[in-house]
Amino acid sequence: MLEILSCGLIILTLGLFMLIINGFTLWLSGWIAENWLDVGYSIDGFLAGSTWWAYLSITSPFLALVVTGDED
């Protein structure tokens, strides 16, 4: 939904605005988990959320290969 609403900014920045959107949503999910759900999951700010999102986006395809064992 956020990607659709900010489509103009995503096109204008050649996709780099997706880093901001994904970092914000990861930080927001950590804030909700910590303050509303009392879960031991927290992100300490926007920069940490953006860094964690970048790490997840790089490692996810490799972890999917290991878990599924699909090497096509």
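Note that the structure is a prediction, hence the values are computed from the model and not measured.

S.K.: I keep staring at the overall build of the chain and nothing clicks. Help me out?
M.R.: Helix and strand counts for the chain stand at 4 helices and 0 strands. Burial analysis of the chain (72 residues in total) assigns 18% to the buried set. Counting only contacts in the chain whose residues sit at least 6 apart along the sequence, the fraction spanning at least 24 positions is 21%. With the model as given, the accessible surface of the chain reaches about 5600 Å², and the carbon-plus-sulfur share is 73%.

S.K.: Would you take a moment to explain helix α3 (residues 17-35) for this structure?
M.R.: In an α-helix there are 3.6 residues to a turn, and that puts residues three or four apart on one side. Across its 19 residues, α3 extends 27 Å between first and last C-alpha, which sits within 8% of the 27 Å expected from 1.5 Å per residue. Where α3 is concerned, the buried positions are F17, I21, N22, G23, L26, G30 and A33.

S.K.: Just to check I follow, could you spell out the environment of W53 for this structure?
M.R.: Relative to the helices and strands, W53 resides in helix α4 (residues 46-68). Remark: the alpha-carbon pair of W53 and G23, spanning 30 residues in sequence, is separated by 6.1 Å. The contacts of W53, once residues within four sequence positions are left out, are L19, N22 and L26.

S.K.: Even after reading the chapter, I still don't get the confidence of the model for the chain, so can you show me in this structure?
M.R.: Reading fine detail from the predicted coordinates is not recommended where pLDDT is low. Taken as a whole, the chain shows an average pLDDT of 75; of its residues, 88% reach a score of 70 or greater. Within the chain, the element-level pLDDT minimum falls on helix α1 (residues 2-5), averaging 68, and the maximum on α3, averaging 79.

About the cut-offs
Residues numbered from 1 in each chain as written. Predicted model: local features only at pLDDT ≥ 70, side-chain atom pairs only at ≥ 80, totals over all residues. Heavy atoms only, no water. Helix = DSSP H or I, 4+ residues; strand = E, 2+ residues; numbered from the N terminus. Buried < 20%, exposed > 50% of the residue type's maximum accessible area, 1.4 Å probe, protein only. Contact = heavy atoms within 4.5 Å. Areas by Shrake-Rupley, 256 points an atom, 1.4 Å probe, with all protein chains shown as cover. Expected span 1.5 Å × (residues − 1). pLDDT = per-residue confidence, 0-100.

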